[in-house]
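# Coordinates in review
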Amino acid sequence: MATRGSRSEKVKRIFQQFDGNHDGGLNREEMAVLVVAVNPRVKFSDEQINAILDEVFRTYSEFIDGEKGLTYDGLLRTYDDGAGDVDRDFDALGLELMKPEDNAGTSIAADVASSSSIVDERVMEPHKKQRTAAWAASPNHGIVFDDTWKLVDDLEILIKRLKSKQSKDGKVKNDNSDVYSEGWSRELGPSTELSDKRVSWEETGHDYSVFVKELGVLRSRSDGSRSREEAFDGHMAIGRVLYDQHLFKEALVSFKRACELQPADVRPHFRAGNCLYVLARHSESKEEFLLALEAAEAGGSQWAYLLPQIHVNLGIALEGEGMVISACEHYREAAILCPTHFRALKLLGSALFGVGEYKAAVKALEEAIYMKNDYADAHCDLASALHAMGDDDNAIKEFQRAIDLKPGHVDALYNLGGLYMDMGRYQRASEMYTRVLSVWPNHWRAQLNKAVALLGAGETEEAKKALKEALKMTNRVELHDAVAHLKQLQKKKLKGNGNGNGEEAFIIVEPSKFKTLSEKTTLRMDLSTALDIRSFQRITRLNRCDIDQIKKEINETDVPLSYSGGVPEKSIRKASLEEILRRLLKFLKPETFIGAVKTINQKVFSVLDESESGRLDLGMFFAVLAPVCGGSPDKRKRIAYEALLWRPVNEGSNQIRKTDAQRYIKLLRAIYIPSHGASEMLEIHGEMDTSLVSLAEFTAMFDDPDWGFGIMSTLLKLEFGDRNRHGSHVCATCRYPIIGSRFKELKSHFSLCSQCYSEGKVPPTSKLEEYRFKEYASESEAVKDKCMWFGIHSKASSPAAS
């Protein structure tokens, strides 16, 4: 940690470098040159430069010396406030510290000596200068009162004593949490906010109880200060020292007390928010950051320097709750307030990737990398976004760049393994997963994927060992299915479709050759569509959202009318819609909710937001969700009708317009049956039918098998039976245990799972002119059918029958 002395020396050299006319101030032209010089990778527009200068000269107006511009003290204050990184800028400019004799007699050196009584005191007491973190000397974040230094001294003695006792007992642990994959949404504060080594304290023992008791005495001393301001200073300093030592629960107590003493001050709310986030109390963290934001905006220019970081950390807290679209808004705001904030851009890009907006994600991540080329996390997320867009060659380069910068980058290694799997490069994929496991030995998904990669590479024995290791890590049912699948492959010696090694796994038959025995057997194309919708339900968990919840939202949501499209609409922004989705899917964990929002954004929002305005018709949104929510089919249709009736265009009527019903059904088909719906959407423009339709007429339109949403009957069949297992039956093509419906071919007697049946796959040994299938929803149906068959044939062969 650089001392205040070395920081001020570096700032002085930077100041002298750009004070071209040597008048003791940096005017707008000189400041503009400085901003450009310390950000060599950024191409600023004139508007951006002017915006930055306006902000600096407004925020630090007390340090502006007439036409001379920003004084040395002002520049020092900007660095103290975190507006720039002194060490980075100093190195970027290629400057060197002057020798002590070069400083003699300069007015700036005199200014440094007299700039603060605290600095004077620290110069006189070098032990403080050496051991105190840089924040303590900051005018906006540092220690103000002399007695606070005494509190800090005593607290550091208590912490050293606790650390000594717990180290002796082996209770203090350094958890190098940096090696663990935390995904694309888990950054907090500036890069120096938390050290790479996370200290874990034992909080249940006697030593810790004694420490907390003694800490309480220090807090009481702070409360007994001569003024409220001094008590506030004491609690903030105690909180900062505790936070730096990773004693987050105790730090939170101090920051909360500081909030009580000065509720309108931004700093304690901001610090409390950071503590709560680290403690995984994301909702409370968000509330503190919102209070900090409110206080900062009410405080005018005083807190302008902190606004970008409040927005960033608020965004991170929102992501902790799974609210990624809402987080994007705050990252954007931070990037607007501070155009050089590369972390805000990185987080924005990562969040956009998280909700499936890959093109925008690539743009933001490339900007972040342009500003900071050695940003490993940004390279990793850019690679993931490029892979999602199909640009695999550049994705590999970006993943490799992230790994070069940080060899133990778990996300980069794991995702590169997935990319190699997608490309069929199984040996390389296996190597990547092995490297993940060397960093994170209990990563069961990496272990499972390694087994699959080894299987693809033809190393069956090694794959079996890897699967057994994965089973030791977790007892998930998909691993048992994978083991059963491996056994089937070994039994049949199938090598995969069309790879030239032995027998093909399957052939694909054209749809016209697939016949059904009766109307009870689902048509192949219908099943394919219904499986896609069912997959959407599984990812979003909307089928677990009772349809009555949609009804409740319709009754309780108050949305102001919007006339942006010429007609009145109850339209809301995506971020507000995300809040409604969070209420509907409140049972989901944050990470699962993020996946649900991503799928809804890609499949539903993209169709409903045709103009890309970022606003959606809420009534129409409720209506298109209704058919895939939980509840009886009749109730789902009725709520969809009521959602359309709730829209302003139908308000005051007990029936909806036919044109609205037609548009709704075509939107429904465009979202859930896109192969048919896209062309149909073109037909709805210009229709002016003003007639009204009742609920019964709407239901008839909805159920129409050709032009409605008749697929719902097949979807319902899947909802009720797609978890059924069929004993020892395995699919004749994919060799996995059959779950859901079993489709039995009546001539060749092979069975297919729902997925292979929907894709038209049959075993190559059964080449027929026509295939006739019977569907069994459960094994009991098959047994019953078999008994009936034997009964009929036994009667036919009995003496009485002859």
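Read on for a plain summary of the structure. All residue numbers refer to position in the chain's written sequence, counted from 1. Residues qualify for local features only when their pLDDT is at least 70, as the model is predicted, and side-chain atom pairs are given and counted only at 80 or more; totals for whole chains, interfaces and linings, by contrast, use all residues. Excluding hydrogens and water, the side-chain figures rest on all heavy atoms present in the structure.

## Considering the overall build of the chain
Which entries qualify depends on this criterion: Where helices and strands are cited, they refer to DSSP runs of H or I of at least four residues and of E of at least two residues respectively, numbered from the N terminus. Throughout this description, buried means an accessible area under 20% of the type-specific maximum (1.4 Å probe, protein chains only), exposed means over 50%, and partly exposed covers the range between. By definition in these notes, contact holds between two residues if any of their heavy atoms fall within 4.5 Å. Exposure was quantified through the Shrake-Rupley algorithm and a 1.4 Å probe, taking into account, for residues, occlusion by the shown protein chains and nothing else.
Within the chain, the regular secondary structure consists of 38 helices and 16 strands. Within the span of the chain, comprising 802 residues, buried residues form 49% of the whole. In the chain, the share of contacts with a sequence separation of at least 24, taken over all contacts with a separation of at least 6, comes to 64%. Carbon and sulfur atoms form 51% of the exposed surface of the chain, whose accessible area is close to 38300 Å².

## Concerning the sheet that holds strand β13 (residues 742–745)
As a reminder of what qualifies: Pairing between two strands requires that DSSP report at least two bridges joining them.
If you trace the four strands from one edge of the open sheet to the other, you get β6-β16-β13-β14, paired in mixed fashion. Two strands close off the open sheet at either side, each with one partner strand: β6 (514–516) and β14 (751–752).

## Some thoughts on the packing of aromatic side chains
The condition is simple: Two aromatic rings, drawn from Phe, Tyr or Trp (for Trp, its six-membered ring), form a pair once their centres lie within 6.5 Å of each other, and the interplanar angle then sorts them: stacked below 30 degrees, edge-to-face above 60, tilted otherwise. Lysine NZ or arginine CZ positioned within 6 Å of the ring centre and within 35 degrees of the ring normal marks a charge as sitting over the ring.
This model, assessed by the stated rule, comprises 24 aromatic pairs. Consider the rings of Tyr243 and Phe248, whose centres lie 5.2 Å apart with planes at 75°: the pair is edge-to-face. For the pair formed by Tyr243 and Phe248, the shared burial category is buried. Note on Trp303 and Tyr305: the rings are 6.4 Å apart at their centroids and 40° apart in plane angle, and the pair reads as tilted. Each member of the pair, Trp303 as well as Tyr305, is classed as buried. An aromatic cluster is built from Phe536, Tyr641, Tyr664, Tyr672, Phe698, Phe702 and Phe709, whose rings are joined through pairwise contacts. For the cation-ring pair, Arg524 lies above Phe514, with the distance from its terminal atom to the ring centre recorded as 4.9 Å. Geometry around Phe593 places Arg582 over its ring, the cationic atom sitting 4.4 Å from the centre.

## Observations concerning the environment of Glu319
If you trace the backbone, Glu319 turns up in helix α16 (residues 307–320). Between the alpha carbons of Glu319 and Pro590 there is a distance of 7.9 Å; along the sequence they are 271 residues apart.

## Considerations on the packing of helix α28 (residues 547–556) against helix α29 (residues 574–584)
Stated formally: In this analysis, axes come from line fits to C-alpha atoms, helices being fitted only over the stretch in contact, and the angle between any two N-to-C directions falls in the range 0 to 180 degrees. In what follows, roughly perpendicular refers to angles from 65 to 115 degrees, roughly parallel to angles under 35, roughly antiparallel to angles over 145, and oblique to any angle outside these ranges. Handedness of each helix crossing follows the sense of rotation of the near helix against the far helix: counterclockwise by less than a right angle gives left-handed, clockwise gives right-handed. Each residue is assigned to one class: nonpolar for Ala, Val, Leu, Ile, Met, Phe, Trp, Tyr, Cys and Pro, charged for Asp, Glu, Lys and Arg, and polar for all the others, Gly among them.
Interaxial distance between α28 and α29 falls to 10 Å at its minimum, and their mutual angle equals 135°. Overall, the two elements α28 and α29 adopt an arrangement that is oblique. Between α28 and α29 lies a crossing whose hand is right-handed. Between α28 and α29, the contacting residues are Gln549, Ile550 and Glu553 on the first element and Ile580, Arg583 and Leu584 on the second. Partitioning the contact of α28 with α29 into residue classes produces three nonpolar, one polar and two charged.

## Topic: the pattern of salt bridges
Operational definition: Counted as salt bridges are all cases of a side-chain nitrogen of Lys or Arg within 4 Å of a carboxyl oxygen of Asp or Glu.
Within the structure shown, the criterion is met by 41 salt bridges. Between Lys12 and Glu9 there is a salt bridge, with the nearest N and O atoms lying 3.3 Å from each other. Taken together, the residues span about one helical turn, with Lys12 and Glu9 both in helix α1 (residues 4–18) at a distance of three residues. What makes Lys12 buried here is its relative accessible area of 2%. Exposure remark for Glu9: the relative accessible area of 23% places this residue in the partly exposed category. Measuring nitrogen to oxygen at the nearest pair gives 3.0 Å for the salt bridge that ties Arg257 to Glu260. In this pair, Arg257 and Glu260 are both assigned in helix α13 (residues 248–261), three residues apart and thus about one turn of the helix distant. Among the ionic contacts, a cluster of salt bridges with common partners joins Asp147, Lys150, Arg226 and Glu230.

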